Amino acid sequence: MNAPLEDSLTPQIRVEDDRTGLSITTLRSALADNLFYIQGKFPGTATKNDYYMALAYTVRDRLLQRWLNTTQTYRKNVKVVCYLSAEFLIGPQLVNNLINLGIYAKIRQAVEESGLSLQELIEQEEEPGLGNGGLGRLAACYLDSLSTLEIPAIGYGIRYEFGIFDQEIRDGWQVEITDKWLQYGNPWEIARPEEYVEVKFGGRSEHYYDEKGNYRVRWIPDRVVKGVPYDTPILGYQVNTANTLRLWKAEAIESFDFQAFNIGDYYGAVDAKIVSENLTKILYPNDEVIQGKELRLQQQYFFVSCALQDMIRLLLSTEVSLETFHQQFAVQLNDTHPAIGVAELMRLLVDEHRIDWDKAWHITQNTFAFTNHTLLPEALEKWPIELFGRLLPRHLEIIYEINQRFLDRVRMKYPRDLGKLSRLSLIDESGERYVRMANLACVGSHAINGVAELHTELLKKTVLKDFYEFFPEKFANVTNGVTPRRWMVLSNPRLTRLITEKIGDRWITHLDDLRKLETLADDASFRQQWRQIKQETKGDLAAYIRKKLDIIVDPKSLFDIQVKRIHEYKRQHLNVLHVITFYNRLKHDRDLDITPRTFIFGGKAAPGYFMAKLIIKLIVSVANIVNNDPDVRDRMKVVFIPDFNVTLGQRIYPAADLSEQISTAGKEASGTGNMKFALNGALTIGTLDGANVEIREEVGAENFFLFGLTTEEVYGLKARGYRPFDYYNQNAELKAVIDLISSGFFSHGDVDLFKPLIDNLLYRDDYMLLADYQSYIDTQEKVSQAYRDRENWTRMSILNVARMGKFSSDRSIREYAQKIWKVEPVPVELLQLCPGGQCLLV
Ligand SMILES: *Cc1c(COP(=O)(O)O)cnc(C)c1O
C-alpha cells in the first residue's frame, strides 16, 4: 500500500533523538533500539511480531508528547465528554496512528531501508475485538471524531481479556475460536495500576443516623473488586489532541486474599482472585439480544462504577465542588448497557459524598444523556428484581426511590391512568418483576436520542412513546456517522489520492467538500480513473479470496456484498433467495445474457443463535454447489468470507460495487455499514430503513436502488394478518427457489437440514422476506441492467461519494456537542516538551 497522502504534520520537536526524531536515520535507529531493549532480540532471532512491536513502540513514542499534553490541558476546568460504552471496536491502531501523525511515508521508508516490509508488519497487528458490531464500531468512530474536533473526551469501557470470538467455517458451520488478542502483548495501552478504584457487590444496606442526626445509608458489600485502568491514546487527525480510551480490568483486592490466607485458606484466597478476574474475561457475543446473565450485569456495573469514581476523583483533584459535576462532565450512555450509572451516581453523591437527594438528582439528570440503539423488543434490557437486588441491593433501593418520585409526577399529569403508570414505571410488574434499564436511562437523563431520523420518529411512536409524551423536550435525533479517516484515507488509499489530487485534502476533516466531485462526474477521463481504481481494489479483494479460500472470482464481475452481523432482521437469507433465483435463471437458459456477479457475504452469528448459524450454513452450501457447477462458470460465484471484523472491513467496503442494506423496514436503527460502502463508491440496494432513508435523500433517488415495503406497510400487513404461504403459492419463481432448498439440492439430499429455516419462512416469516421477494428480485434486475452501462454506473458511483458529506462522524459529534453536551473544542498546545527526557534534566 502506498502512502494515502503526503505527510503533512510533524511533531513539534526541537532535538532529533531516538524517542521523537523523524529523520530516516533516527527512525531506523529507534526501531533497532526498541527491538533490542524492549523486545530483547537481535535482528537474527527476531520474529515478525518482534519487529511489529518495535515499530509500534517507535510510533507510540512519537504520540506521547501529544497525549500527555492533552491530559495536562484537561486538568484546567474544561468540560469533558465521557462516552460510556460496554463496547469499543477500535480496529488496528498502527496505520491509523501513522496517518493521524502524518508520518506514514517516513515510517515506510525507514522500515524498508531496514530491510523489512511495512505491509507485513501492519498485518501482524491483532485488532482489539472489544465489540460485537455496529454499536461498538460507532463508539470507536466517535472517539476518532472527538479527538479530531479537539473536544475533551474520555471513552470508558471494559478491557475484555477475550474479545469477540474468531470465526472459522468448518463443513459450512460457524466454529467459534477464543480471541486471544493480548497473548503477544498490546503496545498501545499503558496500565495505570496506581489509579485503581474499588467496586462493591452484594451484601446489604444499613440505615443509620450520622453524628449530626442526619438519616444515612451505607452499603455493606460481601465482595469488593479492584478496577485497574488501561489507557489507549486516541489521536485526532493532524491535531495535537490525543484523548484517552480508558478500559477497566478487574483484579482481586489483595487484602481479601490475605484475610483468607491468614485463616489458612490459601486455595480459597486464590479462588476469590480467580472469581474477581473472571469479571472482565470475556465479551458477551450477542448482538441486539440480551441474555440476562448475572456476569453481564456485574460487568456493566463494574465499568460504570469505575468510570464515575474516576470522574469524581478527577474533579476533586482540581478542588472544584462536586456540586458542579454536571458542568464538568457530560456523560453519554451508549445504549442501556451503562444505564446503571444513573443509580450509581446518585449513590456516590448521596451516600458517599453526603449531597442531599434533590441536589444529587439535579446533578444526575443534567449529567447523563442516553442513546437508544434498537427497536427490537428482544433487545430491551431488563433484569429480574431478585438477581438485581442480590447483586446491587443499594441500587435497587435507589431505583425504587427514583421510581416513586417519578410516578408521583406521572400521577399528577395523568390521574387514574393505570396503563400509563405501569408502562412508565422503572419496574415491570406484569409477571416476574424486572428493572427496566431503558426507563431508568430515560428518567435519569436530560436528553434521549435515536440514531437516524426514521429511528427517532419510530422511538417516539413505539418503544418510548409514553416517555416522549411525558418529556417531549428531551428527545432529539442524531444520525450516526463514520470516520472518513479510517473508512476512506486508511482503507482506500487509491481513491483518497485521486480525490485529493482533484479537490485538495480539506475533505478529510470537512467531508461536505466531496460535493466538489459532482461536476467531475461528467468528465470521461475522471470516470476512467475512478473505474480503474475500483477495478484494482476489487483485484486486491479477489487475491485475498483466492489466497484464503482458494476460490477464483472475476474482478470484472459485479461485486455484490453483504457484510454485517448475521441476523434474521438483516435478512441475509433474502439475499440468498436472490442468489438462487439468479442461479435458476442461468440454469434454465444457458445462453442468458446476464451481468456476471460475485456474491460476497461475511459476518458472525451469536454462538447460541441457531437460525443465524443455519443461514451461514445455507450460504456456504449454496456457494459449494454454484461454484462447482460448470453451467454457470464465469457468470456467478458465491463467497462467504470468514471472520468479518474491522481489519477485513477495511479490505471489503472499498471493493464493493453493490451494497446490500436489505433489513425489514422499521428494524435497523441506523446502520453504519451502509455509510462505509457508499462513501467508497458502492451503490446501495436497500429498503427504507434506518439511515438508508437519509442516504437516499442525499445521493438522490435516481442513484439508489430502492425496494420493499415501507415501515407503515409492514405494520399494516402485520395488522391485517400476514400469510407468507400465499406468496410462496402465488409466485412460481419463489416457489421454485424454496422447493430447491427443501429438496436437499444444496445439502447432499438432506431434506431436513434447512427445514427450520424454510418452515419459518413459510409459516411465520416475522421479517417478511416473502412479501419483499418480488420487489427485491425486480430491483436486482435493474441493478444488473444499470451495471451494463458502465459510464452511467460510474457517474452514479461518483455522485454517491460526492453527496456522502452528511455521514461523517464529525457531523454527528458536532451535533452531540451543540445539542446535547454543550461542549466546545479545547485546542492542545505542546507546552511541556520533553525530547530525550530533557525535562527531567532541567
Ligand atoms: C461497520 C461495521 C459493522 C456495522 O455494520 P452494519 O451493516 O451497519 O450492521 C459491523 N461490524 C464491523 C466490523 C463494522 O466495521
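Computed from a predicted model, the values in this text were never measured in an experiment. (Residues numbered from 1 in each chain as written. Predicted model: local features only at pLDDT ≥ 70, side-chain atom pairs only at ≥ 80, totals over all residues. Heavy atoms only, no water.)

S.K.: Tell me what's going on with the overall build of the protein chain, and back it up with residues and numbers.
M.R.: In terms of regular secondary structure, the protein chain is built from 34 helices and 23 strands. A compact globule built from 842 residues would reach a C-alpha radius of gyration of about 28 Å, and the protein chain, at 28 Å, matches this within 12%. Structurally, the protein chain occupies a C-alpha span of about 90 × 75 × 55 Å along its principal axes. Looking at the protein chain residue by residue over its 842 residues, the buried ones come to 62%. Considering only contacts within the protein chain whose residues lie at least 6 apart along the sequence, 77% involve residues at least 24 apart. Surface accessibility of the protein chain: about 32,500 Å² in total, with carbon and sulfur atoms responsible for 51%. Here the protein chain contributes 101 positively and 113 negatively charged side chains, and the mean placements of these two sets differ by 1 Å. (Helix = DSSP H or I, 4+ residues; strand = E, 2+ residues; numbered from the N terminus. Rg over C-alpha atoms; globule rule 2.2 N^0.38 Å. Buried < 20%, exposed > 50% of the residue type's maximum accessible area, 1.4 Å probe, protein only. Contact = heavy atoms within 4.5 Å. Areas by Shrake-Rupley, 256 points an atom, 1.4 Å probe, with all protein chains shown as cover. Lys, Arg positive; Asp, Glu negative; His and termini not counted. Charge placed at Lys NZ, Arg CZ, Asp CG, Glu CD.)

S.K.: Tell me about a nonpolar patch on the surface, residues and numbers included.
M.R.: Taken together, F36, Y37, I38 and F42 make up a surface patch of nonpolar side chains, about 480 Å² in accessible area. The residue Y37 is located in helix α1 (residues 24-37) in this model. (Patch = residues over 30% accessible without salt bridge, like charges linked within 9 Å, V, L, I, M, F, W, Y side chains within 5 Å. Salt bridge = Lys/Arg side-chain N within 4 Å of Asp/Glu carboxyl O.)

S.K.: Before we move on, can you summarise helix α17 (residues 453-461) with the specific residues and values?
M.R.: Of all the positions in α17, only L454, H455, T456, L458, L459 and K460 are classed as buried. Packed against the buried residues of α17 are β16 (447-450), α18 (465-470), β17 (475-477), α26 (692-699) and α27 (711-720).

S.K.: Account for the pattern of salt bridges, with residues named and values stated.
M.R.: Within this structure, the stated rule accounts for 71 salt bridges. For R597, the salt bridge is made with D560, and the minimal N-O distance between the two is 2.7 Å. Of this pair, R597 sits in strand β19 (residues 597-602) while D560 sits in strand β18 (residues 558-563); the two residues are 37 residues apart in sequence, bridging distant segments of the chain. Taking the relative accessible area as the measure of exposure, R597 reaches 1% and is therefore buried.

S.K.: Summarise the nonpolar core; cite the residues concerned and give the values.
M.R.: Judged by nonpolar contacts, the single largest core of 117 residues is most densely connected at L84, F302, M311, F325, F388 and W821. Looking at this core element by element, the count peaks at 11 residues for helix α9 (residues 294-317). Contact partners of F388, with chain neighbours within four places excluded, come to L297, I340, W383, P393, H395, L396, I399, V435 and M437. (Core = buried A, V, L, I, M, F, W, Y, C linked by side-chain atoms within 4.5 Å.)

S.K.: Could you give an account of the layout of surface pockets, with specific residues and numbers?
M.R.: By volume, the largest pocket is sized at about 1,400 Å³. Elements with a contribution of two residues or more to the lining of the largest pocket: α5 (118-122), α19 (484-490), α20 (493-503), α21 (524-549) and α24 (646-652). Here the lining of the largest pocket gets seven residues from one element, more than from any other, and that element is α21. Class assignment for the residues of the lining of the largest pocket results in 18 nonpolar, 12 polar and 16 charged. Taken domain by domain, the makeup of the lining of the largest pocket includes at least three residues from each of domain 1 (79-92 + 127-477) and domain 2 (553-807). (1 Å grid on protein atoms, 1.4 Å probe; cavity = no way out; pocket = protein on both sides within 12 Å on 5 of 7 lines; lining within 4 Å. Points joined across faces, edges and corners; volume = space filled by probe spheres on them. Nonpolar A, V, L, I, M, F, W, Y, C, P; charged D, E, K, R; others polar. Domains from an automatic or database assignment.)

S.K.: Just give me the short version of α1, but keep the residues and values in it.
M.R.: Taking 1.5 Å per residue, 14 residues should reach 20 Å; α1 reaches 20 Å between its end C-alpha atoms and fits that length. Those residues of α1 not exposed but buried are I24, T26, L27, A30, L31, N34 and L35. Buried residues along α1 sit against α2 (48-73) and α4 (104-113). (Expected span 1.5 Å × (residues − 1).)

S.K.: Describe the domain arrangement of the protein chain, listing the residues and the values that go with them.
M.R.: Domain parsing of the protein chain yields domain 1 (79-92 + 127-477) and domain 2 (553-807). When each unit is reduced to the centre of its C-alpha atoms, the spacing between domain 1 and domain 2 is 36 Å. Each partner contributes residues to the interface: domain 1 has 34 residues there, and domain 2 has 41 residues. Carbon and sulfur atoms supply 58% of the area buried between domain 1 and domain 2, which totals about 2,900 Å² over both sides. (Buried area = accessible area lost by both parts, 1.4 Å probe.)

S.K.: Give a description of the UniProt feature "modified residue: N6-(pyridoxal phosphate)lysine" (unreviewed entry) in the protein chain that names residues and reports values.
M.R.: Under the feature "modified residue: N6-(pyridoxal phosphate)lysine" (unreviewed entry), the UniProt entry names K676. The residues touching K676, leaving out its near neighbours within four places in the chain, are R137, V482, W487 and Y653. A polar atom in the side chain of K676 sits 3.4 Å from the side chain of Y653. (UniProt positions renumbered as here; feature names shortened; annotations may be inferred. Polar contact = N/O pair within 3.5 Å; in protein donor to acceptor, adjacent residues only side chain to side chain.)

S.K.: Tell me about empty space enclosed by the protein, and please be specific about residues and values.
M.R.: For the coordinates displayed, the defined rule picks out six cavities of 30 Å³ or more. The space that makes up the second largest cavity amounts to roughly 120 Å³. Forming the boundary of the second largest cavity are 13 residues, of which Q93, N96, D144, I234 and R486 lie nearest the centre. Of all the secondary-structure elements, those providing two or more residues to the lining of the second largest cavity are α3 (94-101), α6 (134-148) and β9 (223-235). Per-element tally for the lining of the second largest cavity: the top contributor is α6, with four residues. For the lining of the second largest cavity, the residue count by class is six nonpolar, four polar and three charged.

S.K.: Would you mind going over the packing of helix α23 (residues 610-627) against helix α30 (residues 755-763) in detail, with residue names and values included?
M.R.: The interhelical angle for the contact between α23 and α30, taken along N-to-C directions, is 110°, at an axis separation of 9 Å. Considering their axes alone, α23 and α30 lie roughly perpendicular with respect to each other. Between α23, through F610, M611, L614, I615 and L618, and α30, the contact on the second element is made entirely by P756, L757 and N760. Tallied by class, residues from the contact of α23 with α30 come to seven nonpolar, one polar and no charged. (Axes fitted to C-alpha atoms, helices over the stretch in contact; angles between N-to-C directions. Parallel < 35°, antiparallel > 145°, perpendicular 65-115°, else oblique.)

S.K.: Got a sec to walk through the sheet that holds strand β13 (residues 382-384)? Specific residues and values, please.
M.R.: Across the sheet, three strands lie side by side as β13-β15-β14; this open sheet has antiparallel pairing. Two strands close off the open sheet at either side, each with one partner strand: β13 and β14 (427-428). Sheet topology note: the β13/strand β15 (residues 434-436) ladder contains three bridges and is antiparallel. Its bridge partner lying in β15, K382 is registered against R436. In the packing of helix α16 (residues 437-444) onto the sheet, contacts are made with β13 and β15, and the angle to β15 comes to roughly 40°. (Pairing = 2+ DSSP bridges.)

S.K.: I'd like a description of the packing of aromatic side chains, backed by residues and values.
M.R.: One pass over the structure, following the stated rule, counts 29 aromatic pairs. Summarising the aromatic geometry, the rings of F707 and Y776 are spaced 4.8 Å apart at their centres and angled 40° between planes, so their arrangement reads as tilted. Taken together, the residues F707 in the loop between β23 (705-706) and α27 and Y776 in helix α31 (residues 769-788) connect sequence positions 69 residues apart. Its relative accessible area of 3% is what places F707 among the buried residues. Clustering of aromatic rings is evident, with ring pairs tying together F406, Y414, F467, F470 and F471. (Phe/Tyr/Trp six-rings, centres within 6.5 Å; stacked < 30°, edge-to-face > 60°.)

S.K.: Go over the sheet that holds β23 with me, naming the residues and quoting the values.
M.R.: Strands sit in the order β20-β19-β18-β21-β22-β23 across an open sheet of six strands; the sheet is parallel. Two strands bound the open sheet, and with one partner strand each, they are β20 (636-640) and β23. Looking at chain direction, β18 and strand β21 (residues 658-661) are connected through two bridges and run parallel. Bridge assignment links D560 to a residue of β21, and that residue is L658.

S.K.: Tell me about the site of the ligand, and name the residues and values.
M.R.: As a structural note, the neighbourhood of the ligand is formed by 15 residues, with K564, K570, T672, G673 and K676 the closest of them. K570 is positioned such that a nitrogen or oxygen atom in its side chain is 2.8 Å from an oxygen atom of the ligand. Within the side chain of K676, one N or O atom sits 2.6 Å away from an oxygen atom of the ligand. Those elements that place two or more of their residues in the shell around the ligand are α6 and α25 (673-679). Taken together, domain 1 (79-92 + 127-477) and domain 2 (553-807) each give at least three residues to the shell around the ligand, which thus spans both. (Near = heavy atom within 4 Å.)

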